[in-house]
Amino acid sequence: MDAGPKSLPKSDAVELDRGYLIVFEGIDGTGKSTHCRMLAGYLESRGIPAVCLSEPTRGRWGMEIRKILNEGRNGISPEDELALFVNDRKEDVALNIKPALEMKKAVLIDRYYYSTVAYQGALGLDPDRICRENESFAPRPDLVFIFEAPPEKCLQRIKEGRNDGLSAFEQLEYLKKVESLFRRFSGPHVRRIDSQPAREVVHAQIRREVDDLFKLT
Ligand code: TYD
């Protein structure tokens, strides 16, 4: 069961000193989306205003991306694919991320520019260039959780949990490259999460990190 807002007792509302950005990353099938929602429920229960976002979005660029995921790359160049993700993010930053940060919310986002560095980097584009381009317009996160699990297991999990098959990106050799690029991220905001233990164990680890960030203990 997800720890939704109704399943936990509510605390008094807390006003944050500023907006905070918390990012969930990792290859497909690691369970990061579930943990993003569980954390939103937890924060709400602690009185912290939280908003859950995800990329690719459902905006006009996001819908073009979804077409590729469903129908295949069909010869689109890596540069053109990169441009779709960057345009989608620019729109998300302007319409959703910046306004929510300005309202001093905890902004939880399921995928951000680390995904672009890893997935479009795995097409042979320069990961450092992708990172620089994104950091020129995208707010830097306060915390980045990178969910890790063997690509074979992730694909198995997707196949068991979904009826409509794998997307164009959910291919073993490709995800292995993506995973190796995710492993290159380091720095004070990056937390690697082994997503294989039970969901409650993983959630407890995330709570500890976030309690630390918001000084909730
Ligand atoms: P996913 O998180 O699976 O979206 P949803 O659950 O809404 O369908 O993301 C879709 C795919 O897009 C996934 O395989 C990762 C890929 N992706 C990129 O290649 N680059 C990016 O910048 C982002 C945000 C996602």
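(A) Focus on the site of the ligand. Of all residues adjacent to the ligand, which total 14 residues, the nearest are Asp28, Arg111, Thr116, Tyr119 and Gln120. In the environment of the ligand, an oxygen atom lies 3.2 Å from a nitrogen or oxygen atom belonging to the side chain of Arg66. Between the ligand and the protein, one listed contact pairs a nitrogen atom with a side-chain N or O atom of Gln120 at 2.8 Å. In the complex, the protein chains occlude 84% of the 550 Å² of accessible area that the ligand would expose alone. At the level of elements, α2 (60-71), α3 (78-102) and α4 (113-121) are the ones that each hand at least two residues to the shell around the ligand.

(B) Representation of helix α1 (residues 32-45). Over its 14 residues, α1 extends 20 Å from the first C-alpha to the last, a length consistent with the 20 Å expected when each residue adds 1.5 Å. Buried residues dominate α1, accounting for 11 of its 14 residues. Among the residues of α1, Lys32, Thr34, His35, Cys36, Met38, Leu39, Ala40, Gly41, Tyr42, Leu43 and Ser45 are the ones counted as buried. Contacts from the buried residues of α1 go to β1 (20-26), β2 (50-54), β3 (106-110), β4 (143-148) and α8 (199-214). Two residues or fewer past α1, Gly47 is found with a positive phi of approximately 85 degrees.

(C) Focus on the confidence of the model for the chain. On average, residues of the chain carry a pLDDT of 95, and 96% of them reach 70 or more. Within the model, pLDDT remains below 50 along residues 1-6, and this stretch shows 16 contacts once partners closer than five positions in the same chain are excluded.

(D) Quick look at the nonpolar core. Counting residues in hydrophobic clusters, the biggest one holds 43 residues, and the most contacted among them are Leu21, Ile97, Tyr112, Tyr114, Tyr119, Val178 and Phe182. The contact partners of Tyr119, leaving out residues within four places of it in the chain, are Gly26, Ile27, Asp28, Arg111, Phe169, Tyr174, Leu175, Val178 and Phe182. Residues Leu39, Tyr42, Ala106 and Leu216 belong to the second largest nonpolar core, which totals 22 residues.

(E) Inspection of the side chain of Asp211 at higher detail. Mapped onto the elements, Asp211 comes out in helix α8. Here Asp211 occupies a buried position and makes no salt bridge, while the nearest side chain of opposite charge, Arg46, is found at 4.3 Å. Among the polar contacts listed, one links the side chain of Asp211 to the side chain of Tyr42, at a separation of 2.5 Å. Leave out the neighbours within four places in its chain, and Asp211 touches Tyr42, Arg46, Leu216 and Thr217.

(F) Quick look at unusual backbone geometry. Looking along the chain, the bond that leaves Glu55 and enters Pro56 is cis, with omega of -5 degrees. Structurally, Pro56 can be placed in the loop between β2 and α2. Phi is positive for Arg111, which is not a glycine, with a value near 80 degrees. Considering the arrangement of structural elements, one finds Arg111 in the loop between β3 and α4. At Lys215, a position not held by glycine, the phi torsion is positive, near 50 degrees.

(G) Geometry of the packing of α3 against helix α5 (residues 127-135). For the pair α3 and α5, the least separation of the axes is 11 Å and the interaxial angle reads 25 degrees. One finds that α3 runs roughly parallel with respect to α5. In this structure, α3 crosses over α5, and the sense of that crossing is right-handed. Along the contact surface, α3 presents Glu79, Leu82, Val86 and Arg89, while α5 presents Arg129, Ile130, Glu133 and Asn134. For the contact of α3 with α5, the residue count by class is three nonpolar, one polar and four charged.

Thresholds applied
Residues numbered from 1 in each chain as written. Predicted model: local features only at pLDDT ≥ 70, side-chain atom pairs only at ≥ 80, totals over all residues. Heavy atoms only, no water. Near = heavy atom within 4 Å. Polar contact = N/O pair within 3.5 Å; in protein donor to acceptor, adjacent residues only side chain to side chain. Areas by Shrake-Rupley, 256 points an atom, 1.4 Å probe, with all protein chains shown as cover. Helix = DSSP H or I, 4+ residues; strand = E, 2+ residues; numbered from the N terminus. Expected span 1.5 Å × (residues − 1). Buried < 20%, exposed > 50% of the residue type's maximum accessible area, 1.4 Å probe, protein only. Contact = heavy atoms within 4.5 Å. pLDDT = per-residue confidence, 0-100. Core = buried A, V, L, I, M, F, W, Y, C linked by side-chain atoms within 4.5 Å. Lys, Arg positive; Asp, Glu negative; His and termini not counted. Salt bridge = Lys/Arg side-chain N within 4 Å of Asp/Glu carboxyl O. Axes fitted to C-alpha atoms, helices over the stretch in contact; angles between N-to-C directions. Parallel < 35°, antiparallel > 145°, perpendicular 65-115°, else oblique. Left-handed = near helix turned anticlockwise from the far one by under 90°. Nonpolar A, V, L, I, M, F, W, Y, C, P; charged D, E, K, R; others polar.

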